[in-house]
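Architecture and fold: a report
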Amino acid sequence: MQRLKSRPQFQAVLAGSVLARTSHFALHCVALHANQAQEDRQALFGVDDVWLGAMVPKRWAKRAVTRNTIKRQVYAVSQEFALSLSQAAHVVRLRSSFDRQHFVSATSDALKAAVRLELQQLFAKATGQSLGVRLRQP
């Protein structure tokens, strides 16, 4: 699995379609092999593989430690679903904040568990898998 690194890569994926949504996350995807603008995509994504990026805006997660925790969870859960994802570029985007009244600490086991569960649901929706087999705690 390759990671998205540059702004043009993220912009190309965000211009694509949304595969799945949960209450806090959205999974965007763009195919690497499309008839139109194939040379542009080949320049952005040199390798035919599963590409993944995580977007956690300051607007929805004010503290850097919270943003980093969420990104780590995105990459950890994506490894569980790596074989099920298509060879395309994907971006997991945080689209709403987690309630700071409920998750008082900037990073806690409760926040990590809630993020992990929702990300598992997101990837299960995107890959069409049942979630019962995938539920594992680190």
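Anyway, here's the lowdown on the structure attached to this text.

How each quantity is defined
- Residues numbered from 1 in each chain as written.
- Predicted model: local features only at pLDDT ≥ 70, side-chain atom pairs only at ≥ 80, totals over all residues.
- Heavy atoms only, no water.
- Helix = DSSP H or I, 4+ residues; strand = E, 2+ residues; numbered from the N terminus.
- Buried < 20%, exposed > 50% of the residue type's maximum accessible area, 1.4 Å probe, protein only.
- Contact = heavy atoms within 4.5 Å.
- Areas by Shrake-Rupley, 256 points an atom, 1.4 Å probe, with all protein chains shown as cover.
- 1 Å grid on protein atoms, 1.4 Å probe; cavity = no way out; pocket = protein on both sides within 12 Å on 5 of 7 lines; lining within 4 Å.
- Points joined across faces, edges and corners; volume = space filled by probe spheres on them.
- Nonpolar A, V, L, I, M, F, W, Y, C, P; charged D, E, K, R; others polar.
- Lys, Arg positive; Asp, Glu negative; His and termini not counted.
- Salt bridge = Lys/Arg side-chain N within 4 Å of Asp/Glu carboxyl O.
- Expected span 1.5 Å × (residues − 1).
- Pairing = 2+ DSSP bridges.
- Right-handed = clockwise from strand over helix to strand, strands pointing away.

Scanning the protein chain from terminus to terminus reveals four helices and five strands. Secondary structure elements of the protein chain, listed N to C terminal, follow the sequence β-α-β-β-α-β-α-β-α. Counting across all 138 residues of the protein chain, residues that qualify as buried make up 41%. Sequence separation of at least 24 residues holds for 74% of the intrachain contacts in the protein chain that already meet a minimum separation of 6. When the accessible surface of the protein chain is summed, it comes to about 7700 Å², and 49% of that surface belongs to carbon and sulfur atoms.

Moving on, we get to the layout of surface pockets. Space inside the largest pocket adds up to approximately 200 Å³. As for the largest pocket, its lining consists of 17 residues, and the residues nearest its centre are Trp60, Ala61, Thr66, Phe98 and Arg100. In terms of residue class, the lining of the largest pocket is built from nine nonpolar, three polar and five charged.

Relative to the helices and strands, Glu118 is located in helix α4 (residues 109–127). Buried charge without a salt bridge: Glu118, with Arg95 as the nearest opposite-charge side chain at an N-O distance of 6.8 Å. Once residues lying within four places of it in the same chain are set aside, the contact partners of Glu118 are Thr22, Ser23, His24, Phe25 and Phe98.

With that settled, consider helix α3 (residues 64–80). Here α3 contains 17 residues, and its C-alpha end-to-end distance of 25 Å stays within 8% of the 24 Å for a straight helix at 1.5 Å per residue. If you check which residues of α3 are buried, you get Thr66, Arg67, Thr69, Ile70, Gln73, Val74, Tyr75, Val77, Ser78 and Glu80.

Turning next to the pairing of strand β5 (residues 88–94). For β5, the tally of buried residues reaches six of seven residues, placing the bulk of the element in the interior. Where strand β3 (residues 25–31) and β5 come together, seven bridges link them in antiparallel fashion. In the strand pairing of β5, Cys29 is matched with His90. Pairing geometry for strand β4 (residues 51–55) and β5, over five bridges, is parallel. The residue bridging Leu52 from the neighbouring strand is His90, located in β5. For the crossover from β4 across α3 to β5, the handedness is left-handed.

Let us look at α4. For an α-helix, 3.6 residues make a turn, and residues three or four places apart therefore share a direction. The terminal C-alpha atoms of α4, which comprises 19 residues, lie 27 Å apart, in line with the 27 Å expected from a rise of 1.5 Å per residue. Buried within α4 we find Leu111, Val115, Arg116, Glu118, Leu119, Gln120, Leu122, Phe123 and Ala124. Residues of α4 that are buried make contact with β2 (17–21), β3, β4, α3 and β5. Backbone geometry just after α4 places Gly128 at a positive phi near 75°.

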